[in-house]
Amino acid sequence: DYVEIAYAGKRNLSGISTTIKSNLVLSGFSPGAKLKVTNSSFTHGGGYGMYVQDSHAQLTGFANNTFSNNAGSALYVTAEQVHKLDAASKLKNSNGFDGVEVAGEVSGDNEVTWPAFADGAGYYVTNDLFFDSGVKLEATANAAPTFYFAADKALYVRENGYLIAKGNATQKVT
């Protein structure tokens, strides 16, 4: 709670399976690392503001955080953890991508809701996205989820999955 991480991630991290530059990387193997991050800032990183590597690394809490002036995306999380993010965190402030970079699969028995960020930050899909369970995208009075896709990447809603996208007259889900 109330932590500032700045000017980190100028070099690739060693000891993990991919080449990542980030202020903070949450990584792990089963059962994996766990992190609760609230009221904190991630600024001036040489890559991502924060990178949650895979489903074994778990966000146990995430609220009211700020990401600014990072060379890469504000935040990377796997698809199955996006619902743990809050709409109040500020991701749109001079990052390489002002929002959440996401890929992977959403599965399980429960419907999840992905936040519409109050500051207008969006989602950047860098690898195919698969919904094997329910995902809800809902606009608020001031914000709506916006998606950007890398070339040749797609969203697949598979047999047991579904997508509910609800915009409104002034805020469209795009």
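Heads up: these notes are all about the structure in this document. (Residues numbered from 1 in each chain as written. Predicted model: local features only at pLDDT ≥ 70, side-chain atom pairs only at ≥ 80, totals over all residues. Heavy atoms only, no water.)

**Details of the overall build of the protein**
Now for step 1: A count of helices and strands for the protein gives 0 helices and 15 strands.
Now for step 2: Taken over C-alpha atoms, the radius of gyration comes to 15 Å for the protein, in line with the 16 Å a tight globule of 174 residues would show.
Now for step 3: Taken across its 174 residues, the protein has 43% of its residues classed as buried.
Now for step 4: Contacts in the protein between residues far apart in sequence, at least 24 positions, make up 73% of those at least 6 positions apart.
Now for step 5: About 8,500 Å² of surface is accessible on the protein, with carbon and sulfur atoms providing 48% of the total.
Now for step 6: Computing the positive centroid from 13 side-chain charges and the negative centroid from 16, the protein places the two 6 Å apart. (Helix = DSSP H or I, 4+ residues; strand = E, 2+ residues; numbered from the N terminus. Rg over C-alpha atoms; globule rule 2.2 N^0.38 Å. Buried < 20%, exposed > 50% of the residue type's maximum accessible area, 1.4 Å probe, protein only. Contact = heavy atoms within 4.5 Å. Areas by Shrake-Rupley, 256 points an atom, 1.4 Å probe, with all protein chains shown as cover. Lys, Arg positive; Asp, Glu negative; His and termini not counted. Charge placed at Lys NZ, Arg CZ, Asp CG, Glu CD.)

**Details of the side chain of Asn65**
Now for step 1: Along the polypeptide, Asn65 turns up in the loop between strand E6 (58-63) and strand E7 (66-68).
Now for step 2: At a separation of 3.0 Å, a polar atom in the side chain of Asn65 contacts the main-chain amide nitrogen of Ser40.
Now for step 3: What Asn65 contacts, discounting residues up to four positions off in sequence, is Val37, Thr38, Asn39, Ser40, Ser89 and Lys90. (Polar contact = N/O pair within 3.5 Å; in protein donor to acceptor, adjacent residues only side chain to side chain.)

**Let's talk about unusual backbone geometry**
Now for step 1: The phi torsion at Asn39 lies on the positive side, around 50°, for a residue other than glycine.
Now for step 2: Along the chain, Asn39 turns up in the loop between strand E3 (34-38) and strand E4 (41-43).
Now for step 3: The phi dihedral of Asp152 falls on the positive side, at around 65°, and the residue is not glycine.
Now for step 4: Of note, Asp152 is situated in the loop between strand E13 (147-149) and strand E14 (155-157).
Now for step 5: Since its relative accessible area comes to 78%, Asp152 is described here as exposed.

**Comments concerning the environment of Thr38**
Now for step 1: Following the sequence through the fold, Thr38 ends up in strand E3.
Now for step 2: C-alpha of Thr38 to C-alpha of Tyr2: the two residues are 36 residues apart in sequence and 6.6 Å apart in space.
Now for step 3: Among all residues touching Thr38, those that are not within four sequence positions of it are Asp1, Tyr2, Ala63 and Asn65.

**Considerations on the sheet that holds E4**
Now for step 1: Overall, parallel pairing links the 3 strands, which are arranged E1-E4-E7 in an open sheet. Of all strands in the sheet, those with a lone pairing partner are strand E1 (4-6) and E7, marking the two edges. When the angles between neighbouring strand axes are averaged without regard to direction, this sheet yields 10°. (Pairing = 2+ DSSP bridges. Axes fitted to C-alpha atoms, helices over the stretch in contact; angles between N-to-C directions.)

**Focus on the pattern of salt bridges**
Now for step 1: Applying the stated criterion across every chain, the model contains 3 salt bridges.
Now for step 2: The closest approach of N and O atoms between Glu138 and Lys136, which form a salt bridge, is 3.5 Å.
Now for step 3: Given a relative accessible area of 21%, Lys136 falls into the partly exposed group.
Now for step 4: A single network of salt bridges, built from pairs that share partners, joins Glu105, Asp132 and Arg158. (Salt bridge = Lys/Arg side-chain N within 4 Å of Asp/Glu carboxyl O.)

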